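Structural overview for review
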Amino acid sequence: MYVVKSPLSDADLKTVSDALQGALVDLVDLSLVAKQIHWNVVGTRFRSVHLQLDEVVDTARAHSDTVAERASTLGVSPDGRAATVARSSGIGEVADGWVKDADAVGTLVDALGAVITRMRERVEATGDADPVSQDIFIGITADLEKHHWMFQAENG
């Protein structure tokens, strides 16, 4: 059932909808990973890392909403359900229990790196198909790369 008709061709819509769905899953998972670590980080840099993690959560949540709404705008039903996220995310699993601050930072560097790599692929894939969605991916990538830089600098 299509409630909203996309202005894109079927082929372009397929490319763009796959990119949007993948981005949604990665962003939802990134927010969950950052929050999980936020709750469990310990160490001498607890406060700064704890607060920095919430900045990632806020960024990921805001961008996930933008991505889901772009999908809806194009007539594609976004799927951010837990099972879909668990099955499709490009982020590795996070260990349970307390996380030393240096390990927390390393985990976020890895998670952000994985999402950034996939976002850059989406930037590339959507350039001809839908420059509007590509622009969204460019903005997301820029924000995530800034977080990536800051977390890398955190562990020096």
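Owing to the predicted nature of the structure, the values given are computational and were not obtained by experimental measurement. (Residues numbered from 1 in each chain as written. Predicted model: local features only at pLDDT ≥ 70, side-chain atom pairs only at ≥ 80, totals over all residues. Heavy atoms only, no water.)

**Some remarks on the environment of Val 42**
What counts, and what does not: In this text, helices come from DSSP runs of H or I with a minimum length of four residues, and strands from runs of E with a minimum of two, each type numbered from the N-terminal end. Remark: exposure states derive from per-residue accessible area (1.4 Å probe, protein chains only) relative to the maximum for the residue type, with buried under 20%, exposed over 50%, and partly exposed in between. The contact definition used throughout considers only heavy atoms, calling two residues in contact when any of these lie within 4.5 Å.
For Val 42, the position within the fold is in strand β1 (residues 41-42). The class of Val 42 is partly exposed, set by a relative accessible area of 28%. As a C-alpha pair, Val 42 and Gly 139 span 97 residues in sequence and 32 Å in three-dimensional space. In this structure, Val 42 is in contact with Trp 98, Val 99, Lys 100 and Asp 101, ignoring residues within four places of it in sequence.

**Concerning helix α5 (residues 131-155)**
Under the convention used in this document: To estimate the expected span of a helix, subtract one from its residue number and multiply by 1.5 Å.
Helix length check: α5 (25 residues) gives 36 Å between terminal C-alpha atoms against 36 Å at 1.5 Å per residue, within 8%. Residues Ser 133, Ile 136, Phe 137, Ile 140, Thr 141, Leu 144, His 147, His 148 and Phe 151 constitute the buried set of α5. Summarising the contacts, the buried residues of α5 are in contact with α1 (10-40), α2 (46-73) and α4 (101-126). Within two residues after α5, Gly 156 carries a phi angle of roughly 55 degrees, on the positive side.

**Here's the deal with the UniProt feature "domain: Ferritin/DPS" (unreviewed entry) in the chain**
Selection criterion: UniProt positions are given in the numbering used here, feature names are shortened, and annotations may be inferred rather than shown by experiment.
Feature annotation in UniProt assigns "domain: Ferritin/DPS" (unreviewed entry) to the following positions: residues 18-153. Regarding residues 18-153, the helix share stands at 79% and the strand share at 3%, and the terminal C-alpha atoms are separated by 33 Å.

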